[in-house]
Amino acid sequence: MNFFSSDFKLGILGGGQLGKMMLYETRKLDIFTKVLEASEDAPTSIACNQFVKGDILDFDTVYNFGKTVDVLTIEIENVNLSALEKLEDEGKKVYPPTSALRVIHNKATQKLFYVDNAIPTADFTRFAYTSEIKDSVENGGLAFPFVWKCAQFGYDGQGVKVVRNFSDLEGLPNVECIAEEMVPFKNELAVIVARSSNGEVKTYPVVEMEFHPEANQVEYVICPARIPDDVSEKAQKVALQVADKIKHVGLLAVEMFQTNEDEILVNEVAPRPHNSGHYSIEASYTNQFEQHIRAILGLPLGNTKSKVAGIMVNLVGAEGYTGNVVYQNMEDILKLEGVTPHIYGKKQTRPFRKMGHVTIVNKDIDKAREIAEQVKNTIKVISE
């Protein structure tokens, strides 16, 4: 099939920053793109060939949109899966496959899948409602502390809370959830696996993630991870196992814990380009967004190696600011060597909302980390 400068149409469900960064790559290759998203102000609206306003959770909207494109992909997993299944049944190419999305989109289903397939993960208990947890603790079935996670619709640290006592349960939504054992760990790691529609598989280097203690969001992604080679090999092996068992097509970001004993436990996965791979835009031979396009179209996968050490800093809305966004001290970070800001195009900021990221590249990983700290302390995402 001819994808380039042709009648071929690639459909993308979701209009956020991941979709926008995918579109940088389709524009380079002149692949016609059509995006479905509910908000006209979405970051993708300026970069796609055709923007369709509509609800990605509505069956008819997704089904009718899917019929107008040749290949359909996602930039967010919270989409109407029944519509995608019907499209697949009718012969439409949907990547990642709906069978993979069914496993991933619910955290309880995801965890059960790991257990069934002998993929190492932390112990957990599944609950139909958060309100059931109190009884379980009182009856000795569950002990503090543990990590509460809502089963569906969590993102960017939303829907996750460390629970150390009964008062921590107050105010949590009464939804399907899991209570996960707190794992003592040295590092949080991630591996992105690219798996093509024709079966070719490649992994990116292991990255290390440093989290904001309050927001439960990634603050820094460091590539390569500062871990021993044997731990790195183990992490890559586990990530490949997950991608193989799920039969994923596209990119799969596998987030993991490195325990104090250097074991690897899978935390959760994302079936799309991911925050942990943003460093690749400047640091890798083939960035994650181009790789996703290559994978879903069955094109040869690109080189996943890094040209240089890379660190990514998330730009999130500062606490105490809501409204029209202002990026303060941007000129100061642009003076720094190897620093590239990416602004997502969201006009409204609020506390901890992801508004952009900054990549820092340097031959010396320690120097890159030092500059990343400087960037983090300099730039401020505030409002008018």
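So, how was this worked out
- Residues numbered from 1 in each chain as written.
- Predicted model: local features only at pLDDT ≥ 70, side-chain atom pairs only at ≥ 80, totals over all residues.
- Heavy atoms only, no water.
- Pairing = 2+ DSSP bridges.
- Helix = DSSP H or I, 4+ residues; strand = E, 2+ residues; numbered from the N terminus.
- Axes fitted to C-alpha atoms, helices over the stretch in contact; angles between N-to-C directions.
- Contact = heavy atoms within 4.5 Å.
- Salt bridge = Lys/Arg side-chain N within 4 Å of Asp/Glu carboxyl O.
- Buried < 20%, exposed > 50% of the residue type's maximum accessible area, 1.4 Å probe, protein only.
- Phe/Tyr/Trp six-rings, centres within 6.5 Å; stacked < 30°, edge-to-face > 60°.
- Lys NZ or Arg CZ within 6 Å of the ring centre and 35° of its normal.
- Arc of directions from axis to C-beta.
- Polar contact = N/O pair within 3.5 Å; in protein donor to acceptor, adjacent residues only side chain to side chain.
- Parallel < 35°, antiparallel > 145°, perpendicular 65-115°, else oblique.
- Left-handed = near helix turned anticlockwise from the far one by under 90°.
- Nonpolar A, V, L, I, M, F, W, Y, C, P; charged D, E, K, R; others polar.

K.L.:
Help me understand the sheet that holds strand 7 (residues 146–150), please; the structure alone is not making it clear to me.
P.N.:
Hydrogen bonding along the main chain pairs the strands of a sheet, whether they run parallel or antiparallel. Read across the sheet, 4 strands follow the order 6-9-7-8 without closing on themselves; strand pairing throughout is antiparallel. Lying at the two open borders of the sheet, with one neighbouring strand each, are strand 6 (124–127) and strand 8 (160–163). Taking each pair of neighbouring strands and ignoring which way they run, the sheet shows an average axis angle of 20°. Bridge count between strand 7 and strand 8: 4 bridges; the pairing is antiparallel. Within strand 8, the residue paired with K149 across the bridge is V160. Sheet strands touched by helix 5 (residues 107–116): strand 6, strand 7 and strand 9 (177–181). Its angle to strand 6, the strand with the most contacts, is close to 140°.

K.L.:
Got a minute to help me understand the pattern of salt bridges in this structure?
P.N.:
For side chains bearing opposite charge, pairing can occur when the charged atoms are close. Taken as a whole and judged by the stated rule, the model has 21 salt bridges. Between E90 and K86 there is a salt bridge, with the nearest N and O atoms lying 3.2 Å from each other. On the basis of relative accessible area, E90 is assigned to the partly exposed category, the value being 45%. By relative accessible area, which is 34% here, K86 ends up partly exposed. Of the charged contacts, one joins E370 and K367 as a salt bridge, the two residues approaching to 3.4 Å between their closest N and O atoms. Placement of both E370 and K367 in helix 11 (residues 365–378) is noted, with a separation of 3 residues, approximately one turn of the helix. The network of salt bridges with common partners includes E208, E210, R226, R369 and E373.

K.L.:
What is the right way to read the pairing of strand 15 (residues 264–270) from this model?
P.N.:
Two faces belong to every sheet, and in a regular strand the side chains alternate between them. With respect to burial, strand 15 is a largely interior element, 7 of its 7 residues being buried. Bridge analysis of strand 14 (residues 250–259) against strand 15 gives 6 bridges, and the strand direction is antiparallel. The residue of strand 15 that forms the bridge with M256 is V266. Taking the residues between adjacent antiparallel strands as the criterion, strand 14 and strand 15 are bridged by 4 residues, where D262 takes a positive phi near 65°.

K.L.:
Help me understand unusual backbone geometry in this model?
P.N.:
Negative phi characterises most residues that are not glycine, and trans characterises most peptide bonds. With an omega of 0°, the peptide bond between Y95 and P96 qualifies as cis. Mapped onto the fold, P96 is located in the loop between strand 5 (93–94) and helix 4 (98–104). Cis rather than trans, the peptide bond between C223 and P224 has omega equal to 5°. Checked against the element boundaries, P224 lands in the loop between strand 13 (218–223) and helix 7 (229–246). For S5, which is not glycine, the phi dihedral falls at a positive 50°.

K.L.:
Looking at this model, I keep getting lost on the packing of aromatic side chains. Mind explaining?
P.N.:
For any pair of aromatic rings, geometry is given as the distance between the ring centres together with the angle between the planes. Taken as a whole and judged by the stated rule, the model has 6 aromatic pairs. Centroid distance F144 to F166: 5.1 Å. Interplanar angle 85°. Geometry classified as edge-to-face. Separated by 22 residues along the polypeptide, F144 in the loop between helix 6 (132–138) and strand 7 and F166 in the loop between strand 8 and strand 9 bring together distant segments of the chain. Overall, the relative accessible area of 27% leaves F144 in the partly exposed class. On the accessibility criterion, F166 (33% relative accessible area) is partly exposed. A cation sits over an aromatic face here: R369 above Y220, 4.0 Å from the ring centre.

K.L.:
Would you mind showing me how to read helix 3 (residues 81–89) here?
P.N.:
Along an α-helix, residues three or four positions apart point the same way, because every turn accommodates 3.6 residues. Within helix 3, the full set of buried residues consists of L81, A83, L84 and L87. Seen from one end, helix 3 has its buried residues packed into an arc of 155°, which puts them on one side. On its buried face, helix 3 is in contact with strand 1 (9–13), helix 2 (59–66), strand 4 (71–74), strand 5 and helix 4. The backbone nitrogen of S82 lies 3.2 Å from a side-chain oxygen of the residue at the head of helix 3, namely N80. A positive phi of about 100° marks G91, the residue just after helix 3.

K.L.:
Would you mind going over the packing of helix 1 (residues 17–29) against helix 9 (residues 288–296) with me for this structure?
P.N.:
Axes are the key here: two packed helices are described by the angle between their axes and the distance separating the axes. Packing of helix 1 against helix 9 brings their axes to within 8 Å, and their N-to-C directions diverge by 70°. Taken as axis vectors, helix 1 and helix 9 run roughly perpendicular relative to one another. Between helix 1 and helix 9 lies a crossing whose hand is right-handed. Only F289, E290, H292 and I293 of helix 9 make contact with helix 1, whose side of the interface consists of L18, M21, M22, E25, T26 and K28. Among the residues forming the contact of helix 1 with helix 9, the class breakdown is 5 nonpolar, 2 polar and 3 charged.

K.L.:
Hey, could you run me through helix 9 in this one?
P.N.:
Counted residue by residue, helix 9 has 8 buried out of 9 residues, so it is predominantly covered. Those residues of helix 9 lying buried are Q288, F289, E290, Q291, H292, I293, A295 and I296. Each element contacted by the buried residues of helix 9 is listed here: strand 1, helix 1, strand 4, strand 10 (185–195), strand 14 and helix 8 (280–283). Capping the start of helix 9, N287 holds a side-chain oxygen 2.8 Å from the backbone nitrogen of F289, two or three residues further along. Looking one or two residues beyond helix 9, the residue adopting positive phi is G298, at roughly 70°.

K.L.:
For this particular structure, what's the right way to read the environment of V147?
P.N.:
Inspection of the secondary structure assignment puts V147 in strand 7. Apart from the residues lying within four places of it in its own chain, the contact partners of V147 are V160, K161, V162, I178, A179, E180 and M182.

K.L.:
Would you mind showing me how to read the sheet that holds strand 21 (residues 380–383) here?
P.N.:
Read across the sheet, 3 strands follow the order 19-17-21 without closing on themselves; strand pairing throughout is antiparallel. The sheet is open, and its two borders are formed by strand 19 (348–349) and strand 21, each paired with just one other strand. As defined by bridge partners, strand 17 (residues 323–328) adjoins strand 19 across 2 bridges and the pair is classed as antiparallel. Each bridged residue has a counterpart across the sheet, and for N324 the counterpart in strand 19 is Q348.

All quantities given are derived from atomic positions and should not be read as evidence of function.
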